Amino acid sequence: MHDTTALLIELGSVILVLGILGRLAGRVGFSAIPLYLLAGLAFGHGGLLPLNASEEFIATGAEIGVILLLLLLGLEYSASELVSNLKTQYPSGIVDFVLNAVPGALAALVLGWGPVAAVALAGVTWISSSGVIAKVLGDLGRLGNRETPVILGVLVIEDLAMAVYLPLLTALLAGLSLASGSLTLLISLGTVGAVLYLALRHGRLISRAVSSDNPEMLLLVVLGLTVLVAGVAQELQVSAAVGAFLVGIALSGEVAEGAHNLLAPLRDLFAAVFFVFFGLNTDPAAIPPVLVPALILATVTTLTKIGTGWYAAKRAGVRTAGRWRTGGTLVARGEFSIVIAGLAVGVEPRIGPLATAYVLILVILGPPAARWTEPLARRLTRKAKPAAPAASAAPAEAAAEKPASGAPASGAADAAPSHG
């Protein structure tokens, strides 16, 4: 009974604090994510008020938060749009890998950590945080922007690449033979292919089977199906986030719209829990010794991510303002980077604190970068060019960046800042 009482008190306190922080962030027009992370640091080991009774519950809630973030992101797009994005964005995926994985690998080698640690740190610096970016896109009202499909295309390629990368990294860390590693890789690729096939060929049948006029039944079936598929995907060495995203892709029409409306409040609650949990697992005392190399690595890979987004958006025909927004939105790192670092600490213990400090920097920098990269770039380019040509180009630029017909207009115009 005592443990249950402590659990309720801790959970109530955490959720209340999150609500207050969320309201505070809303009033100043800023994303609440950095505040959630700082709350996690305060409640975590080595913080001001460590949580004990509710830590396991919060860990489970954090997993659900990532799953719901990716499910609702998938509900925004159809399976055909996903395949089209993959076909058009794969060169951007290659550029993304080269620009962002190489700095991490080089840093590990310079620090003398060896080739296996280099492969691990390459993954830490390569993969953007789908969870953080999904939250930021919603906070800034940019889901209907023209550049958003480009951002999602890059994220999907990264998430699907994890189905190849994570089994390979696990095999390297465990010293498995080539045959064992290849078998794990084939299983994960087969799982992703099977789910994609079902989404493409039988998405309408799945939507029809899930559909219900009763909101309660729709909520239970969609949530249960998503968590089940995410769990099976994780068991088969595929990211649970990828499984949840593909479930969202498989649902379409009124089912997708109804599920989105029902699940959005749950997503916001558990997403906040995810960011708190990230902070809970960070020991504040471990950050200062690795802060300088983490800052250098964060600075380099912030610039390379912005370059990645610029390139990807340019290939898709997005105009200049949208290219900057794309790059700034991709800056945040998060859940995958922490998972990778957690796998690698057995081989190189020093990778844990460095990865934690690096991700903490970029997950805090990510929301401001998404919001301010484009306005800052616009001001700098205006200073570099004559005033008259810049002014005459602004209306055309703003018109080109408006979302497609029927999409939400919030956050689309260049001249007005998006709402946080």
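Residues numbered from 1 in each chain as written. Predicted model: local features only at pLDDT ≥ 70, side-chain atom pairs only at ≥ 80, totals over all residues. Heavy atoms only, no water.

Undergrad: What exactly am I supposed to notice about the overall build of the protein here?
TA: Tallying secondary structure elements over the protein gives 16 helices and zero strands in all. Within the span of the protein, comprising 420 residues, buried residues form 50% of the whole. Intrachain contacts of the protein at a sequence separation of at least 6 include 82% that bridge at least 24 residues. Entry remark: accessible area of the protein is about 18,900 Å², with carbon and sulfur atoms responsible for 69%. (Helix = DSSP H or I, 4+ residues; strand = E, 2+ residues; numbered from the N terminus. Buried < 20%, exposed > 50% of the residue type's maximum accessible area, 1.4 Å probe, protein only. Contact = heavy atoms within 4.5 Å. Areas by Shrake-Rupley, 256 points an atom, 1.4 Å probe, with all protein chains shown as cover.)

Undergrad: Looking at this structure, how should I read helix α12 (residues 291-315)?
TA: Residues three or four positions apart in an α-helix share a direction because the helix packs 3.6 residues into each turn. With 25 residues, α12 should reach 36 Å at 1.5 Å per residue; the first-to-last C-alpha distance of 36 Å fits that figure. What α12 keeps buried is the set Ala294, Leu297, Ala298, Thr301, Thr302, Thr304, Lys305, Ile306, Thr308, Gly309, Ala312 and Ala313. Backbone geometry just after α12 places Gly317 at a positive phi near 85 degrees. (Expected span 1.5 Å × (residues − 1).)

Undergrad: What is the right way to look at the packing of aromatic side chains in this model?
TA: For any pair of aromatic rings, the description consists of the separation of the ring centres together with the inter-plane angle of the planes. Per the counting criterion, the structure on display carries three aromatic pairs. Ring plane angle 80 degrees and centroid distance 5.0 Å describe the contact between Phe97 and Trp126, whose orientation is recorded as edge-to-face. Of this pair, Phe97 sits in helix α4 (residues 79-110) while Trp126 sits in helix α5 (residues 115-126), and the two are 29 residues apart along the sequence. Taking relative accessible area as the criterion, Phe97 reaches 40% and is therefore assigned partly exposed. With 6.1 Å between their ring centres and 90 degrees between their planes, Trp126 and Tyr165 make a pair best called edge-to-face. Taken together, the residues Trp126 in helix α5 and Tyr165 in helix α7 (residues 148-174) connect sequence positions 39 residues apart. (Phe/Tyr/Trp six-rings, centres within 6.5 Å; stacked < 30°, edge-to-face > 60°.)

Undergrad: Sorry if this is basic, but what is going on with the nonpolar core here?
TA: With 112 residues, the main nonpolar core has Leu71 and Leu121 as its most contacted residues. When residues in this core are grouped by element, the largest group, 13 residues, is from helix α11 (residues 253-280). Those residues within four positions of Leu121 in sequence are excluded, and the remaining contacts are Gly104, Ala107, Ala108, Trp113, Leu297, Ile351 and Leu354. (Core = buried A, V, L, I, M, F, W, Y, C linked by side-chain atoms within 4.5 Å.)

Undergrad: Whenever I open this one, the pattern of salt bridges confuses me. Can you help?
TA: Any two side chains of opposite charge can pair, so long as their charged atoms come close to each other. Applying the stated criterion across every chain, the model contains seven salt bridges. Between Asp268 and Arg267 there is a salt bridge, with its nearest N and O atoms 3.2 Å apart. Overall, the relative accessible area of 18% leaves Arg267 in the buried class. What emerges from the salt-bridge pattern is a single network uniting Lys135, Asp139, Arg267 and Asp268. (Salt bridge = Lys/Arg side-chain N within 4 Å of Asp/Glu carboxyl O.)

Undergrad: What is the right way to look at the packing of helix α9 (residues 215-235) against α11 in this model?
TA: Relative orientation of the contacting elements α9 and α11 amounts to 80 degrees, with a least axis distance of 10 Å. It follows that α9 is roughly perpendicular to α11 by the angle criterion. Where α9 abuts α11, its residues Pro215, Leu218, Leu219, Val222 and Leu223 lie against Val255, Gly258, Ala259, Leu262, Leu263 and Leu266. (Axes fitted to C-alpha atoms, helices over the stretch in contact; angles between N-to-C directions. Parallel < 35°, antiparallel > 145°, perpendicular 65-115°, else oblique.)

Undergrad: Could you clarify how one ought to interpret the environment of Leu38 in this entry?
TA: As for its placement among the helices and strands, Leu38 is situated in helix α2 (residues 33-43). In sequence terms Leu38 and Leu360 are 322 residues apart; their C-alpha atoms lie 9.6 Å from each other.

Undergrad: What is the right way to look at the packing of α2 against α11 in this model?
TA: Between two packed helices, both the angle of their axes relative to each other and the distance between the axes serve to describe the pair. With their axes 6 Å apart at the nearest point, α2 and α11 run at an angle of 45 degrees to one another. One element, α2, and the other, α11, form an angle in the oblique class. The way α2 lies across α11 gives a crossing that is right-handed. Between α2 and α11, the contacting residues are Ile33, Tyr36, Leu37, Gly40, Leu41 and Phe43 on the first element and Ala272, Phe275, Val276, Phe278, Gly279 and Leu280 on the second. Looking at the contact of α2 with α11, its residues break down into 10 nonpolar, two polar and no charged. (Left-handed = near helix turned anticlockwise from the far one by under 90°. Nonpolar A, V, L, I, M, F, W, Y, C, P; charged D, E, K, R; others polar.)

Undergrad: I would appreciate a short explanation of the side chain of Asn145 in the present structure.
TA: If you trace the backbone, Asn145 turns up in the loop between α6 (130-139) and α7. Judged by its relative accessible area of 2%, Asn145 is buried. Here Glu147 takes part through its side chain, which lies 3.0 Å from a polar atom of the side chain of Asn145. (Polar contact = N/O pair within 3.5 Å; in protein donor to acceptor, adjacent residues only side chain to side chain.)

Undergrad: When you look at helix α13 (residues 320-329) in this model, what are you seeing that I'm missing?
TA: Along α13, eight of the 10 residues are buried, which leaves the element largely enclosed by surrounding structure. Within the span of α13, buried status applies to Ala321, Gly322, Arg323, Arg325, Thr326, Gly327, Gly328 and Thr329.

Undergrad: Just to check I follow, could you spell out the confidence of the model for the protein for this structure?
TA: Reading fine detail from the predicted coordinates is not recommended where pLDDT is low. This prediction gives the protein a mean pLDDT of 79; 83% of its residues lie at or above 70. Mean pLDDT across the secondary structure elements of the protein bottoms out at helix α16 (residues 387-400), with 46, and peaks at α12, with 95. Ignoring residues within four places in sequence, the model shows residues 388-400, a span with pLDDT below 50, making 10 contacts including any to other chains. The low-confidence segment residues 402-420 (pLDDT under 50) makes 45 contacts with residues lying over four places distant or belonging to another chain. (pLDDT = per-residue confidence, 0-100.)

Undergrad: I'm lost on the environment of Gly153 in this one. Help?
TA: With respect to the helices, strands and loops of the structure, Gly153 is situated in helix α7. Relative accessible area serves as the criterion here: at 2%, Gly153 is assigned to the buried category. Between the C-alpha atoms of Gly153 and Ala312, which are 159 residues apart in sequence, the distance is 9.0 Å.

Undergrad: I would appreciate a short explanation of the environment of Thr299 in the present structure.
TA: One can find Thr299 in helix α12. Sequence-wise, Thr299 and Leu362 are 63 residues apart; in three dimensions their C-alpha atoms are separated by 9.0 Å. Reaching out from Thr299, the side chain makes a polar contact with the backbone oxygen of Leu295 at a distance of 2.8 Å.

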